[in-house]
Amino acid sequence: MPYVPIMGMLAAQRGHLFPWVPVFMGIGIAWYFMLPAEPTRFHIGLSGAFVIAPLVLRLVRLVRISFVMIPFALIAFGLLLGALRANMVAEPVLGWRYYGAVEGRIIAIDRSQSDVPRLTLDQVILDNVSPERTPTRVRVSLHGEQKYLTPKPGMTVILTAHLSPPQGAVEPGGFDFQRMAWFRRLGAVGYTRTPALVLEPARDRSFSLMIARLRQSISQGVQARMPGDAGAFAAAILTGDRSGIGQDALEDLRASNLAHLLAISGLHMGLLTAFVFGAVRFGIALIPAIALRVQAKKVAAVVALAAAAFYLMLSGGSVATERAFIMVAVMLIAILCNRRALTLRAVALAAVIVLVLRPEALMGPGFQMSFAATTALVAVFGAIRGRDRALPKFLRPIFGLIMSSAVAGAATAPFAAAHFNQIAHYGLLANVLTVPLMGAVIIPCAVIGGLLWPLGLDWIAFYIMGLGIEWIIFVADWIAGLDGSLSHVPAPGLVVLPLVTLGGLFVILWRDRTRWVGVVPILGTMVLWAQVERPVVLISESGGLVGVMTPQGRALSKPRGEGFIALSWLENDGDTALQEDAAARRTPGMIRVGGQSLLHATGKSARQQASDCDGAAWLIVNVDIEEMPDCTVLTPDILRQTGAVAISHDLKITTAREAAGLRLWNQQQFDQDMPELMLTRKPD
């Protein structure tokens, strides 16, 4: 029978198969998100049949076949999870550009990329828009002078704003903001340049908004006690409020690979619970009458779990923090059940829970980097357990610190490079110099400061905490200023991260020497990444920005405007130039690709040149044209249907719509048949 060799291989893995459960679930979830269209009822039914197939086969006593079918059932289950979640979060999406009055209740406050306050509103009311067509949530950036509003969660505000549907990827295959907005239930985004006004004060007594107001109060209190970037850093790691951090400090943290210290993730949750666990256990041990009557280890685990839950609520419950809480909770519950806390099974169980609750998290860098680091750390330290005894005792903590920083850095490096297009070469040094302070000084002082706050003595702990944070900021500034501290890489192809992930997981999870076969796809991705070719021409969805690859890098059609798109294109090229510098690379005249000519015109000149295209094969404009010439014209109306356009060296045309497919989160944008775009190569 063909399954006999497979059964023999699986028998050798007995006791080590559970960590593969989230792997196969993840394959199914990723498959759902990569589909060109929503699965039909037939596909949903077929997936459901695969899910129950192992159980049916086992009932008819085909045990071996049922065992082999489990991976396929998990893949199908993952696909169903993605589809179910996408339909569960469905909310109205604004189908047009809107300008007018907006009323809503503030549920979140942060800062936009342009460093201005940004409000997320629910209970939205739009002028002359029916409730069934009104988005459940909108996000508005507050530009201009906003002296009439000090935003607080629960406050109802009214403003005059420009709103539009969430936009798709800035280039085919790029980051899909529409998908992210869909799962966050954001139906429109926009901005206002007029003052926002308070319609009703914050009166809502719902638990979530009470926690949000508590977060804001603590953030403001901490920053009042620690002014400057140190206070903003403290507020970020305590409440998740990163709005006070200056752009220079933020760039230094990113360039030194220390930006992860700002996000309330596994590191912070682990350090907090470890400190609380250790403090409670030590405190019980100091009182013999109690220590002899209770199991201090389990009591400490319960208290640490409660502290982690409070930290989760205080941080705003972001996806990263939820993921960290689940991982910590699994480990603490393992202690309560007299099991080892740090095992690959515990990590796998945490991953399963996260994927069931939020399958969309799989596609984000937070999930990928967090579980990559955790899995690698547990595997490596499990393999070397006991071998560090050969070192002197005073060297063991130093060895553990360097090893953990190196392993976590190596595990997350490909994901960081793929998502953020940069590599911090001195990240290991920066982490070795700063991470110990997080565990030894900053997190303990944060806990002590919180306990002393009601007594008015918190300034003592926060003063010491501030010294530690100032050291981190100093190290970040120093490392970022070193020559060659940061290099940039182009965005990889679609297969690179999946191959790296599966290869690394095979090396870690498989239990015999054939595990090293997993190194092959990892090495193969390096070759694929090195040979990646960026599009020679990129056209924005508005038609107002065009980028052409030149020997000096991508030349942009204008020095200002559509800055986010310009920055994204340059970052995906691995190019550090500013938009103004990239625009200076442009040479007047037509764009020539593979013997074909393209002409880009904007404003009045677009209408004037539309009569004959000046001999170009394509005319790209940012205004609508009444009479179409003989050449192919890309107008804003056409580009709204295709999305951003990319043209390769061989004249292959790819649109954002083709790359994204017709999915729940973009179906309102692509409501018409996509026009066919084609360039033909002239014979040599």
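Preceding block: the structure.
The rules behind these values
- Residues numbered from 1 in each chain as written.
- Predicted model: local features only at pLDDT ≥ 70, side-chain atom pairs only at ≥ 80, totals over all residues.
- Heavy atoms only, no water.
- Helix = DSSP H or I, 4+ residues; strand = E, 2+ residues; numbered from the N terminus.
- Rg over C-alpha atoms; globule rule 2.2 N^0.38 Å.
- Buried < 20%, exposed > 50% of the residue type's maximum accessible area, 1.4 Å probe, protein only.
- Phe/Tyr/Trp six-rings, centres within 6.5 Å; stacked < 30°, edge-to-face > 60°.
- Pairing = 2+ DSSP bridges.
- 1 Å grid on protein atoms, 1.4 Å probe; cavity = no way out; pocket = protein on both sides within 12 Å on 5 of 7 lines; lining within 4 Å.
- Points joined across faces, edges and corners; volume = space filled by probe spheres on them.
- Contact = heavy atoms within 4.5 Å.

(A) Spatial organisation of the overall build of the protein. A tally of regular secondary structure across the protein gives 24 helices and 17 strands. On C-alpha atoms alone, the protein measures out to a radius of gyration of 27 Å, which is about the 26 Å that the 2.2 N^0.38 rule sets for 684 residues. In terms of principal-axis extent, the alpha carbons of the protein reach across some 95 × 75 × 55 Å. For the protein, with 684 residues in total, the buried portion stands at 46%.

(B) Inspection of the packing of aromatic side chains at higher detail. Following the criterion strictly, the structure yields twelve aromatic pairs and no others. Centroid distance Phe 33 to Phe 183: 5.7 Å. Interplanar angle 65°. Geometry classified as edge-to-face. Of this pair, Phe 33 sits in helix 2 (residues 21-34) while Phe 183 sits in helix 5 (residues 177-183), placing them 150 residues apart in sequence. Looking at Phe 183, the relative accessible area reads 7%, which means it is buried. Taking the centre distance of 5.9 Å and the plane angle of 35° together, the rings of Phe 33 and Trp 665 count as tilted. Here Trp 665 lies in the segment after helix 24 (656-660) and Phe 33 lies in helix 2, a separation of 632 residues in the sequence.

(C) Focus on the pairing of strand 5 (residues 186-192). When you tally the buried positions in strand 5, you get six out of seven residues, the bulk of the element. Taken together, the six bridges between strand 3 (residues 137-142) and strand 5 define a ladder with parallel strand orientation. In the sheet register, Ser 141 faces strand 5, and the bridge partner there is Tyr 191. Judged from the three bridges that link them, strand 4 (residues 156-164) and strand 5 form a sheet pairing that is antiparallel. Looking at the pairing, His 162 lines up with Tyr 191 of strand 5.

(D) Expanded view of the pairing of strand 13 (residues 596-601). For strand 13, the tally of buried residues reaches six of six residues, placing the bulk of the element in the interior. Examined bridge by bridge, strand 12 (residues 591-593) and strand 13 share three bridges and lie antiparallel to one another. The residue of strand 13 that forms the bridge with Ile 591 is Leu 598. Count of turn residues in the strand 12/strand 13 antiparallel hairpin: two residues, of which Gly 594 carries a positive phi of about 55°. Summarising the sheet, strand 13 and strand 14 (residues 618-621) pair through four bridges and their orientation is parallel. Bridge pairing in strand 14 links Leu 598 to Trp 618.

(E) Just the layout of surface pockets, in detail. As a volume, the second largest pocket reaches approximately 510 Å³. Forming the walls of the second largest pocket are 18 residues, and the residues nearest its centre are Phe 310, Leu 314, Ala 446, Val 447 and Gly 450. If you list the elements that add at least two residues to the lining of the second largest pocket, you get helix 6 (207-225), helix 7 (228-239), helix 9 (266-285), helix 11 (296-314) and helix 16 (427-452). When residues of the lining of the second largest pocket are assigned to their parent elements, the largest contribution, five residues, is made by helix 16.

(F) Broad picture of the side chain of Ser 219. In this fold, Ser 219 is placed in helix 6. Classification of Ser 219 as buried rests on a relative accessible area of 1%. Not counting residues within four places of it along the chain, the set of residues in contact with Ser 219 comprises Ala 235, Thr 239 and Asp 241.

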